[in-house]
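Structural overview
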Amino acid sequence: MSEHAAPNLTPREADDVSYRTRKWVKPEDLNANGTLFGGSLLRWIDEEAAIYSIIQLGNPRSVTKLISEIEFRASARQGDMIEMGLRAVAFGRTSMTMRAKVRNMVTGEVILTIDKIVFVSLDEDGRPQPHGYTDITYDRDRLPLEDRGH
Ligand SMILES: CC(C)(COP(=O)(O)OP(=O)(O)OC[C@H]1O[C@@H](n2cnc3c(N)ncnc32)[C@H](O)[C@@H]1OP(=O)(O)O)[C@@H](O)C(=O)NCCC(=O)NCCS
């Protein structure tokens, strides 16, 4: 296990992802093979991970630090629906590590899994900032709303 963000949630908590977002594969998402373009999928996953990190860490300045190896195991065709799932597996001092899974809702196949997506919480000067959290919230209690007069 690396020195970075060692898992600190139980195996059961870290067991699987919660599927949150669905996407409909459209012509602009295809590669020359007529199947889902990997770059489109990675963009969707990074955005999903950013939103999840902001909700978990309560900081809109949460940035992608690391995405571990990705193997595209299956794909999707135009008109297929896919769903993306994430779960936090470790809370560090300034970072959070998630795992991700994407599956094709039409074929039931797993398109990919990612063991580690690391996001870091930053301060206004772009330096890592301690977030103070150690576990997952299933609520919206950490949403950063100060700028909106709340
Ligand atoms: C995020 C950034 C400020 C971190 O800088 P840094 O010098 O690595 O900071 P630190 O060494 O203090 O590490 C910050 C956290 O990241 C973790 N981290 C650093 N390198 C890591 C790696 N290779 N793998 C996993 N975690 C890592 C550290 O463990 C630490 O987490 P912790 O506080 O929970 O223990 C800097 O790398 C950066 O600005 N990167 C660009 C981010 C970005 O813009 N992403 C969008 C795509 S371009």
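Residues numbered from 1 in each chain as written. Predicted model: local features only at pLDDT ≥ 70, side-chain atom pairs only at ≥ 80, totals over all residues.

The name given to the chain in an unreviewed UniProt entry is Acyl-CoA hydrolase, and the organism recorded there is Micrococcus flavus. Note on the chain: under the UniProt heading Sequence similarities (unreviewed entry), the record states "Belongs to the acyl coenzyme A hydrolase family." (UniProt positions renumbered as here; feature names shortened; annotations may be inferred.)

The subject of this paragraph is the overall build of the chain. Each helix and strand in the chain was counted, giving one helix and five strands. When the helices and strands of the chain are listed from N to C terminus, the series reads β-α-β-β-β-β. Its C-alpha atoms give the chain a radius of gyration of 16 Å, within 12% of the compact-globule value 15 Å for 150 residues. Viewed in the frame of its principal axes, the chain has a C-alpha envelope of about 45 × 40 × 25 Å. In the chain, buried positions account for 26% of the 150 residues. Pairs at least 24 apart in sequence give 70% of the contacts found in the chain among residues at least 6 apart. (Helix = DSSP H or I, 4+ residues; strand = E, 2+ residues; numbered from the N terminus. Rg over C-alpha atoms; globule rule 2.2 N^0.38 Å. Buried ≥ 20, exposed ≤ 12 C-beta atoms within 10 Å, placed from the backbone. Contact = placed C-beta atoms within 7 Å.)

We now examine the environment of E48. Among the secondary structure elements, E48 is positioned in helix α1 (residues 38-57). Here E48 falls in the buried class, since 20 other C-beta atoms lie within 10 Å of it. With 37 residues separating them in the primary sequence, E48 and G85 have C-alpha atoms 8.5 Å apart. Those residues in contact with E48 that sit more than four places away from it in its chain are R20, T21, M84 and L86.

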